Each structure stands twice: as structure tokens, then as C-alpha cells.
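# What the coordinates show
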Amino acid sequence: MLEVRDLEVAYGSITALHRISLRVEKGKIITLIGSNGAGKSTTLRAISGLLRIRGGEVWLDGKQITNLAPHLIVALGITQVPEGRMIFPNLTVIENLQMGAYRRKGNLKADYEYVYSIFPILGEREKQVAGTLSGGEQQMLAISRALMSKPTFLMLDEPSLGIAPLLVRTIFEKILEINRQLGITILLVEQNANLALEIADYGYVLETGRVILEDRSEHLRTNSIVRESYLGGA
Ligand SMILES: Nc1ncnc2c1ncn2[C@@H]1O[C@H](COP(=O)(O)OP(=O)(O)OP(=O)(O)O)[C@@H](O)[C@H]1O
Ligand SMILES: [Mg+2]
């Protein structure tokens, strides 16, 4: 579905991605794991069209989308949930959901019902101002807002960041549910390699802007480099 070939991105004279290549198969969950500064967010932002790609290509369903404008990339079905969630704190839950659907016409009732079935707490807090939600609830809202644009390809940037461990597990279970129920292909960026590899089909390990390993998740979980560096030696 999505293919990244020899992607190169730089911030000024500093190269952040050194020709990385990724393949994301339709309907799967793919994870990109790596430590702080490895280039995970840079990869997602380049795919979304938010950063200029200096070298390499991005293909979606056989169509080249390299350096296309972000709104055109969204229109093709790619939606990103950014790191730090970036919900609208002064708008209510339902207003945030509406913003996610701004490109769409027609009745959104079934869509609200779907996201509330996945995250019932959001239904209960429909009229609450989003900035007063807990970190975990805000993450649920950010994911739900992304779903309102009806993506076929969803990119999540560290959904576990700053969230209580118990809620993190719930959110990961919901990501899996969304993938299975809606058939949405997911690219999941995470520092929490343990959980990411639990729900992903396939994973890539990024280190200082290079893919150093890739394999099926169950193989990565037993890989000694991954265990030492990303699974706390467990
Ligand atoms: N706006 C920017 N200007 C200059 N350098 C940047 C900028 N954003 C990121 N970088 C650099 O690019 C590299 C990759 O950063 P990136 O944010 O993609 O990492 P990451 O894997 O998402 O890390 P984290 O887990 O901390 O979010 C880092 O060395 C970072 O310092
Ligand atoms: Mg990041």
C-alpha cells in the first residue's frame, strides 16, 4: 500500500534520515521503533508532506506522492496523529471531532457513534472542553479525530507518550480493534517497543536516521539487539 524508497530528509545542513526504505502492506499494522532523535517523527512528517523530502520516493497504491502538499496527501486517505496529540484544547470533544471531518459532507452521526463505541468515555464527555481531559483521554480524542476523516492509512506518533501505563494498554488494544474492524492500515511510531511489537505485524528499528533492522514482530521480540536496547534487556 505504502512504500518509502531511500528517503532522505535534512534540517538545514543536518541529515536526519539517511535513505530509509519501508513497506507497509494493506490492512497491516507496521511499527517503527527507535530511541529519542532516531528520526521517527521526521519519517511520518515527510510521508504526510509536512517536511520537504530531499531524496527518495514515497508511493501510495502505485501513485507517487513525494513532496505532494499535505492537504492532497490527506485527501488520498493518509491521516497522521501527531506526537503530543495536538487537539484543540478550547473546543469541546464533539467540536474536535467535527474538525477532523472538515473535508467531509453529510451526516456524521454514525461516525460519532463509532468512535464513542470504541472510546465510551468520549461519548460521556462530548460537551467537555478538550483541554480539561486527562492525557490518555486526549490521546483517545486525537485518534478519534483522525478517524473522522475516514483514513485508509493512519499514522500514529507515540500514542503512549506521557500516558499512565494502564491506559496505554487500553489505547493499544483499541488501535488493534480499529485496524481489525475498519481495515485501516496503520503505521505506529513508538518508543514503547514492547507494546508496539505486541500489536504490530511487522517492525522496523530506526537508529540515528537509518533502518538497522526489520522483521516480523515476533522475530524482533526475540532479537538480541532489540531485547538489549529496546526491551530493557527483558
Ligand atoms: N525542526 C528541527 N530542526 C532541526 N533538527 C531537527 C528538527 N526536528 C528534528 N530534528 C533533529 O532530527 C533528528 C530526528 O528527530 P525526530 O524528531 O524525527 O526523532 P524521533 O525519533 O521522533 O525522536 P523522539 O522519540 O524524541 O520523538 C534529531 O536529531 C533531531 O534533533
Ligand atoms: Mg518523535
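See above for the structure.
Below is a short write-up of the structure. It should be emphasised that the depicted structure is a prediction, and the values quoted were computed from it without experimental measurement.

Before going further, it helps to spend a moment on the coordination of the magnesium ion (ligand 2). Only Ser-41 (OG) and Glu-83 (OE) from the protein reach the magnesium ion (ligand 2) as donors, at distances of 2.0 to 2.1 Å. Placement of Ser-41 in helix 1 (residues 40-47) and of Glu-83 in the loop between strand 6 (78-81) and helix 3 (93-100) is noted, with a sequence separation of 42 residues between them.

As a further point, take the nonpolar core. The biggest cluster of nonpolar side chains holds 48 residues, and the ones touching the most others in it are Leu-97, Leu-141, Leu-154, Leu-156, Ile-186 and Val-226. Counting residues in each nonpolar core, the second largest holds 28 residues, with Val-4, Leu-44, Val-58 and Tyr-204 among its members.

In terms of burial, strand 3 (residues 29-33) is largely enclosed, as five of its five residues are buried. Residues Ile-29, Thr-31 and Ile-33 of strand 3 are buried on one face, and the alternating residues Ile-30 and Leu-32, pointing to the opposite face, are buried as well. Sheet topology places strand 3 next to strand 8 (residues 185-190); five bridges connect them, and they run parallel. For Ile-30, the partnering residue across the bridge sits in strand 8 and is Leu-187.

Moving on, we come to the sheet that holds strand 10 (residues 210-216). Strand order in the open sheet made by the six strands is 6-7-8-3-9-10, with mixed pairing throughout. Both outer strands of the open sheet, strand 6 and strand 10, are each paired with one neighbouring strand and no more. Put simply, the sheet's adjacent strands are angled 15° from each other on average, direction ignored. Pairing geometry for strand 6 and strand 7 (residues 153-157), over four bridges, is parallel. Within strand 7, the position partnered with Val-81 by the bridge is Leu-156. Sheet contacts for helix 7 (residues 165-182): strand 3, strand 7 and strand 8; angle to strand 8, the most-contacted strand, approximately 160°.

Below, the discussion takes up unusual backbone geometry. Phi at Arg-19 takes a positive value of approximately 45°, unusual for a residue other than glycine. Position of Arg-19 relative to the elements: it lies in strand 2 (residues 14-24). Residue Arg-19 is classed as exposed on the basis of its relative accessible area of 53%. We note that Thr-208 has phi near 35°; this positive angle belongs to a residue other than glycine. Inspection of the secondary structure assignment puts Thr-208 in the loop between strand 9 (202-207) and strand 10. When its relative accessible area of 60% is taken as the criterion, Thr-208 is described as exposed.

What follows deals with helix 6 (residues 135-147). When the terminal C-alpha atoms of helix 6 are compared, their 19 Å separation across 13 residues agrees well with the 18 Å that a helix rising 1.5 Å per residue should span. Of all 13 residues in helix 6, 12 are buried; the element is thus mostly enclosed. Along helix 6, the positions that sit buried rather than exposed are Gly-136, Glu-137, Gln-138, Gln-139, Met-140, Leu-141, Ala-142, Ile-143, Ser-144, Arg-145, Ala-146 and Leu-147. For helix 6, the secondary structure elements touched by its buried residues are strand 6, helix 3, helix 4 (109-118), helix 5 (120-124), strand 7 and helix 7.

Ordered in space as 2-1-4-5, the four strands form an open sheet in which the pairing is antiparallel. Across the chains shown, the open sheet's two edge strands, defined by having one partner strand only, are strand 2 and strand 5 (63-64). With seven bridges joining them, strand 1 (residues 2-11) and strand 2 adopt antiparallel strand pairing. Opposite Val-9, over in strand 2, you have Leu-17 as the bridge partner. Sheet strands in contact with helix 1 are strand 1, strand 2 and strand 4 (55-60), and its direction is about 110° off that of strand 1.

All right, on to the site of ligand 1 then. Contacts to ligand 1 come from 13 residues, most closely from Asn-36, Gly-37, Lys-40, Ser-41 and Thr-42. In the environment of ligand 1, an oxygen atom lies 2.7 Å from a nitrogen or oxygen atom belonging to the side chain of Lys-40. Glu-158 places a polar side-chain atom, nitrogen or oxygen, 2.8 Å from an oxygen atom of ligand 1. About the coverage of ligand 1: the protein hides 59% of its 630 Å² of free accessible area. The greatest single-element share of the shell around ligand 1, amounting to three residues, is contributed by helix 1. Among the residues making up the shell around ligand 1, the classes are represented as three nonpolar, seven polar and three charged.

Take the packing of helix 3 against helix 6 next. It is at 7 Å that the axes of helix 3 and helix 6 come closest, and there the two elements cross at 35°. Read as a crossing pair, helix 3 and helix 6 show a hand that is right-handed. Along the contact surface, helix 3 presents Val-93, Asn-96, Leu-97 and Gly-100, while helix 6 presents Leu-141, Ser-144 and Arg-145. Broken down by class, the residue content of the contact of helix 3 with helix 6 amounts to three nonpolar, three polar and one charged.

Conventions we followed
Residues numbered from 1 in each chain as written. Chains lettered and ligands numbered in written order. Predicted model: local features only at pLDDT ≥ 70, side-chain atom pairs only at ≥ 80, totals over all residues. Heavy atoms only, no water. Donors = N, O, S within 2.8 Å, 3.2 Å for Na, K, Ca; no water. Helix = DSSP H or I, 4+ residues; strand = E, 2+ residues; numbered from the N terminus. Core = buried A, V, L, I, M, F, W, Y, C linked by side-chain atoms within 4.5 Å. Buried < 20%, exposed > 50% of the residue type's maximum accessible area, 1.4 Å probe, protein only. Pairing = 2+ DSSP bridges. Axes fitted to C-alpha atoms, helices over the stretch in contact; angles between N-to-C directions. Contact = heavy atoms within 4.5 Å. Expected span 1.5 Å × (residues − 1). Near = heavy atom within 4 Å. Polar contact = N/O pair within 3.5 Å; in protein donor to acceptor, adjacent residues only side chain to side chain. Areas by Shrake-Rupley, 256 points an atom, 1.4 Å probe, with all protein chains shown as cover. Nonpolar A, V, L, I, M, F, W, Y, C, P; charged D, E, K, R; others polar. Left-handed = near helix turned anticlockwise from the far one by under 90°.

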